[in-house]
Every structure is written in C-alpha cells, then in structure tokens.
Amino acid sequence: MLEAGAMRTAKTIAAIFVLLSFCVLPVQAVEPVPTFHPGTWEIDSITTQTDGRTITSQTSLCAKEQIDFWKVAQAGLTCKAPKSHPESGNQIRIHVRCQFNGENLHSDIISEVVETLSDHGNSFALEGTTTTNTVYQGVQPKQTSVHLHATAHRTGDCQ
C-alpha cells in the first residue's frame, strides 16, 4: 500500500513538472526583433562629454540597411565593418571600430551602442559610448569618452 502511494505521489510530481514547463515556455519566448524598414531617416542625437558639455545635431540620411547608420566617410578615417548582434526583445548591439590617421595624429575610436527598435521597425532609440585613444606627436597619449543618445524615425522612401 505504501508503494502505491509513493508511486502516485511521483506521478503527481511528474505531472506538475510537465504542466509547469508548458506555463513557463511562453514567458521565456524571445520576441522577434522588429524588421528594419529602408528609407529616409531623421536622426536627433546628443553627445555628452565627460565634463558635461553636450553637442546636439540632426541628420537625415537614406538607409537601405540598418547598418548604414554606422557607415562613415571622412578623410583620414578608416573603419572596420560594423558588427551587430541581436539581443533579447527589440534590441541590437552595435560595435564599430575606426582609426583616424592625420599628419601627426593617430586615434583609435571604438563605439559600443544598443539600438532599441520600435514602431514596427520605423523608429529606434540609441544609447552607448564612444571611446577615443589619441596619440599626438610630442604630447602625452589621451583617452576620451563620450555618451551617445539618439532617436530616429523613418520619414519616407529614399529619393
């Protein structure tokens, strides 16, 4: 009789674990990242330096891919292809590494940001940092870091 009771208890516990796994699955499901929509985008950005000074800007660009926001063309600046990694929910982590070489100046520039997509892929907010290590001939090497914050929204098709 004791064995039958123990067997019934074991079956009950097993059934509870099976039922719990069905209840937990929807909680652990990862939401798909909203799809990026190509087009003309307007970007409002704020760069905050370590001393508290801020620089605001507004940019408009045609982006065919989400990574186009990180393609920069500037004399003396060479960048490796940006790396992006989806994170949980609607976030994408972006890593960009660039080098600037001037006549007497060399800088390594590393940006690490997280973009949070919204509005079905028609908007995003960005938070992150850019760290610059600069060597200038005859001057002590210097490291600076700035905080990046931006919001962007799609305004239409590319012209």
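Remember, predicted model here, so these are calculated numbers, not experimental data.

Let's talk about the confidence of the model for the protein
On average, the protein scores 80 in pLDDT, and the residues at 70 or more come to 79%. Counting interchain partners and residues more than four positions distant, the pLDDT-below-50 stretch residues 1-30 has two contacts.

Quick look at the pairing of strand β4 (residues 83-86)
Relative to strand β5 (residues 91-101), β4 is paired through four bridges, and the arrangement is antiparallel. Directly across from Lys-83, in β5, lies its bridge partner His-95. The antiparallel hairpin formed by β4 and β5 contains four residues in its connecting segment, where Gly-89 sits at a positive phi of about 70°.

Details of unusual backbone geometry
The general pattern is negative phi for most residues beyond glycine and trans for most peptide bonds. One non-glycine residue with positive phi stands out, namely Asp-119, at about 50°. Structurally, the position occupied by Asp-119 is in the loop between β6 (105-118) and β7 (123-136). Looking at Asp-119, the relative accessible area reads 46%, which means it is partly exposed. Positioned with a positive phi, His-120 is a non-glycine residue whose angle comes to about 60°.

Considering the state of the cysteines
Using the criterion set out here, one finds two disulfides in the structure. There is a disulfide in this structure between Cys-62 and Cys-158, and the S-S distance comes to 1.9 Å. Residues Cys-62 and Cys-158 are joined by a disulfide whose S-S torsion is about 100°; by sign, that bridge is right-handed. In this pair, Cys-62 sits in strand β2 (residues 54-63) while Cys-158 sits in the segment after β8 (142-156), placing the two residues 96 residues apart along the sequence. Overall, the relative accessible area of 30% leaves Cys-158 in the partly exposed class. Paired through a disulfide, Cys-79 and Cys-98 show a sulfur-sulfur distance of 2.0 Å. Residues Cys-79 and Cys-98 are joined by a disulfide whose S-S torsion is about 105°; by sign, that bridge is right-handed. Of this pair, Cys-79 sits in strand β3 (residues 77-79) while Cys-98 sits in strand β5, placing them 19 residues apart in sequence. You can call Cys-79 partly exposed: its relative accessible area is 31%. What makes Cys-98 buried here is its relative accessible area of 8%.

Rules used throughout
- Residues numbered from 1 in each chain as written.
- Predicted model: local features only at pLDDT ≥ 70, side-chain atom pairs only at ≥ 80, totals over all residues.
- Heavy atoms only, no water.
- pLDDT = per-residue confidence, 0-100.
- Contact = heavy atoms within 4.5 Å.
- Pairing = 2+ DSSP bridges.
- Helix = DSSP H or I, 4+ residues; strand = E, 2+ residues; numbered from the N terminus.
- Buried < 20%, exposed > 50% of the residue type's maximum accessible area, 1.4 Å probe, protein only.
- Disulfide = S-S within 2.5 Å.

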